[in-house]
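What follows is each chain in one-letter form.
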Amino acid sequence: MSDYNIHKKSPLADNSREVIFLNDKEFLNLISKNAEMGKVGIDAVIDYTKDERMREALRTQGKEYDKIYAEAQEMLKSRNMKPEHLNPMAKISSEFTSAMKTMTDHSAAKIAEMMIQGSTMGVTKLMKNRGDYDGKDEDIMSLSDKLLSTEENNIKTMKGFF
């Protein structure tokens, strides 16, 4: 498969727009960035909580994101594909937003709310990317399944802090 997007009409599309399908490299990089963003989000809030149970939940989630990120990076390298990383502004924006949202409320519930919002965005992006993926690589799909499961489990865990 080439390093370029393939343009096709989706059979499910309304035929008024062209759908861009993702190749292996693009999808792997999006999986990697999704996991990286999850870790960035955790790093941005973990120091704001004094709740040890929350800190432990965030550390556990961070380790899961680290594993997925490392696996995506390794898959890219093993396929001689160039890994991409998050835009530094996305990291700074996440840190700034987290600092503002926790300025007056450092509670575990507030942090859980923020983490649920972040994981929900991650699920939404991942589901869109999965629908746009035109490849057949079972290892890549398995990694996307692992990330989806991680995001869903993170949401479930964070619900316990309300």
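Keep in mind the model is a prediction, meaning the values are calculated, not measured. (Residues numbered from 1 in each chain as written. Predicted model: local features only at pLDDT ≥ 70, side-chain atom pairs only at ≥ 80, totals over all residues. Heavy atoms only, no water.)

Here we take up the overall build of the protein. Across its full length, the protein carries five helices and two strands. Listing the helices and strands of the protein from first to last along the sequence gives β-β-α-α-α-α-α. Expressed as a percentage of its 162 residues, the buried residues of the protein come to 43%. Summed over its atoms, the accessible surface of the protein is roughly 9400 Å², and 55% of this surface lies on carbon and sulfur atoms. (Helix = DSSP H or I, 4+ residues; strand = E, 2+ residues; numbered from the N terminus. Buried < 20%, exposed > 50% of the residue type's maximum accessible area, 1.4 Å probe, protein only. Areas by Shrake-Rupley, 256 points an atom, 1.4 Å probe, with all protein chains shown as cover.)

This brings us to the side chain of asparagine 34. On the secondary structure map, asparagine 34 appears in helix 1 (residues 24-45). Those residues in contact with asparagine 34 that lie beyond four places of it in its chain are Gly122, Lys125, Leu126, Leu147 and Glu151. (Contact = heavy atoms within 4.5 Å.)

Counted by the stated rule, this structure contains 12 salt bridges. A salt bridge links glutamate 113 to lysine 110; the shortest N-O distance between them is 3.9 Å. Of the two residues, glutamate 113 and lysine 110 both sit in helix 4 (residues 108-132), three residues apart, roughly one turn of that helix. Classification of lysine 110 by relative accessible area gives buried; the value is 18%. Measuring nitrogen to oxygen at the nearest pair gives 2.6 Å for the salt bridge that ties aspartate 145 to arginine 130. (Salt bridge = Lys/Arg side-chain N within 4 Å of Asp/Glu carboxyl O.)

Bringing a nonpolar patch on the surface into the picture now. Together, Phe96, Met100 and Met103 line one region of the surface with nonpolar side chains, adding up to about 350 Å² of accessible area. When you line up the elements, phenylalanine 96 lands in helix 3 (residues 88-101). (Patch = residues over 30% accessible without salt bridge, like charges linked within 9 Å, V, L, I, M, F, W, Y side chains within 5 Å.)

A few words on the nonpolar core. The biggest cluster of nonpolar side chains holds 33 residues, and the ones touching the most others in it are Ile31, Met54, Leu58 and Met158. Secondary-structure elements contributing two or more residues to this core are helix 1, helix 2 (52-78), helix 4 and helix 5 (138-159). Setting aside residues up to four positions removed in sequence, methionine 54 forms contacts with Thr49, Ala108, Ile111, Ala112, Met158 and Phe161. (Core = buried A, V, L, I, M, F, W, Y, C linked by side-chain atoms within 4.5 Å.)

Before going further, it helps to examine helix 2. Under the 1.5 Å per step criterion, the end-to-end length of helix 2 is 39 Å for 27 residues, consistent within 8% with the ideal 39 Å. Buried residues of helix 2: Met54, Ala57, Leu58, Gln61, Gly62, Tyr65, Ile68, Ala72, Gln73, Met75 and Leu76, and no others. Elements in contact with the buried residues of helix 2: helix 1, helix 4 and helix 5. Put simply, aspartate 51 is the residue that caps the front of helix 2, since its side-chain oxygen is 2.9 Å from the backbone nitrogen of arginine 53. The positive-phi residue at the C-terminal boundary of helix 2 is asparagine 80, with phi of around 55°. (Expected span 1.5 Å × (residues − 1). Polar contact = N/O pair within 3.5 Å; in protein donor to acceptor, adjacent residues only side chain to side chain.)

Moving on: helix 5. For helix 5, with 22 residues, the first-to-last C-alpha span of 32 Å sits near the 32 Å given by 1.5 Å per residue. Of the residues making up helix 5, those classed as buried are Ile140, Leu143, Ser144, Leu147, Leu148, Thr150, Glu151, Asn154, Ile155 and Met158. Seen along its axis, helix 5 keeps its buried residues to an arc of 155°; they face one direction. Of the residues in helix 5, the exposed ones pointing more than 90 degrees away from the buried face are Glu138, Asp139, Lys156 and Lys159. Between the side-chain oxygen at the start of helix 5 and the backbone nitrogen of aspartate 139 there is a gap of 2.9 Å, and the oxygen is on aspartate 137. (Arc of directions from axis to C-beta.)

A word on the confidence of the model for the protein. Averaged over all residues, the pLDDT of the protein is 89; the fraction at 70 or higher stands at 88%. Between residues 1-11, whose pLDDT stays under 50, and residues either more than four places distant or in other chains, the model counts 32 contacts. (pLDDT = per-residue confidence, 0-100.)

Bringing the environment of threonine 49 into the picture now. Along the chain, the position of threonine 49 falls in the loop between helix 1 and helix 2. Separated by 58 residues in the primary sequence, threonine 49 and serine 107 place their C-alpha atoms 6.6 Å from one another. Threonine 49 has contacts with Met54, Arg55, His106 and Ile111, leaving out every residue within four places of it along the chain.

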